[in-house]
Amino acid sequence: QVQLVESGGGLVQAGGSLRLSCAASGRTSSTFAMGWFRQDPGKERKFVAAIVWSGGNTYYADSVKGRFTISRDNAKNTVYLQMNSLKPEDTAVYLCAATTQGTVVQSRLYREDWYNYWGQGTQVTVSS
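Analysis parameters
- Residues numbered from 1 in each chain as written.
- Predicted model: local features only at pLDDT ≥ 70, side-chain atom pairs only at ≥ 80, totals over all residues.
- Heavy atoms only, no water.
- Phe/Tyr/Trp six-rings, centres within 6.5 Å; stacked < 30°, edge-to-face > 60°.
- Helix = DSSP H or I, 4+ residues; strand = E, 2+ residues; numbered from the N terminus.
- Buried < 20%, exposed > 50% of the residue type's maximum accessible area, 1.4 Å probe, protein only.
- Core = buried A, V, L, I, M, F, W, Y, C linked by side-chain atoms within 4.5 Å.
- Contact = heavy atoms within 4.5 Å.
- Salt bridge = Lys/Arg side-chain N within 4 Å of Asp/Glu carboxyl O.
- Disulfide = S-S within 2.5 Å.

Caption draft 1: Local environment of the packing of aromatic side chains. The full count for this structure, using the stated rule, is 7 aromatic pairs. Both rings, one in F37 and one in F47, keep their centres 5.7 Å apart while their planes meet at 80°; by these two values the pair is edge-to-face. Of the two residues, F37 sits in strand β4 (residues 33-39) while F47 sits in strand β5 (residues 46-52), which places them 10 residues apart along the sequence. The burial state of F37 is the same as that of F47; both residues are buried. Consider the rings of Y115 and W118, whose centres lie 6.2 Å apart with planes at 65°: the pair is edge-to-face. Judged by relative accessible area, which is 25%, W118 ranks as partly exposed.

Caption draft 2: Structural context of the nonpolar core. Ranked by size, the top nonpolar core spans 39 residues in total, and within it L4, M34, W36, L81, M83 and Y94 carry the most contacts. Considering every element that reaches this core, the biggest residue donor is β5, with 6 residues. Apart from residues lying up to four places away in sequence, M83 is in contact with G16, S17, L18, L20, R67, F68, Y94 and V124.

Caption draft 3: Region of interest: the pattern of salt bridges. This structure, assessed with the given rule, holds 5 salt bridges. One salt bridge connects E44 with K46, and the closest N-O pair in it is separated by 2.7 Å. Put simply, D62 and K65 hold a salt bridge, and the shortest N to O gap is 3.5 Å. The same class applies to D62 as to K65, namely exposed. The structure contains a network of salt bridges with shared partners spanning R38, R67 and D90.

Caption draft 4: Just the state of the cysteines, in detail. On inspection of all chains with the given rule, the structure shows 1 disulfide. Linked covalently through their sulfurs, C22 and C96 form a disulfide whose S-S length is 2.0 Å. Judged by the sign of its S-S torsion, about -85°, the cystine formed by C22 and C96 is left-handed. Remark: C96 occurs in strand β9 (residues 92-99) and C22 occurs in strand β3 (residues 18-26); sequence separation between them is 74 residues. Neither residue differs from the other here; C22 and C96 are each classed as buried.

Nothing here speaks to function; it is all geometry.
In structure tokens, the structure reads:
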């Protein structure tokens, strides 16, 4: 009932910036939170950032704190991930996720199994 489409991935040099977008459509009124996860071949999916739709509280993985910023545009049902000071280790497929399941609890924001809608992902490659 919720469709997510990511965009904005690409190839950038270390130290550069990139802005990812995730447009949500469908029954978006039931969305409690949206987040970004990333996954590189041979590695497990990792939490990057999340935002609670009502109120806009944000949460970040320690590895990206201070460099990445998640934000939302309620009118457009879109979330963004502004990535600055990119490092080669940021290289991954970035996936947008949304959840319509249950009450928002902070601990749940970091768990991929709480998100029940996922985009197809967008590749981010950071060269040295």
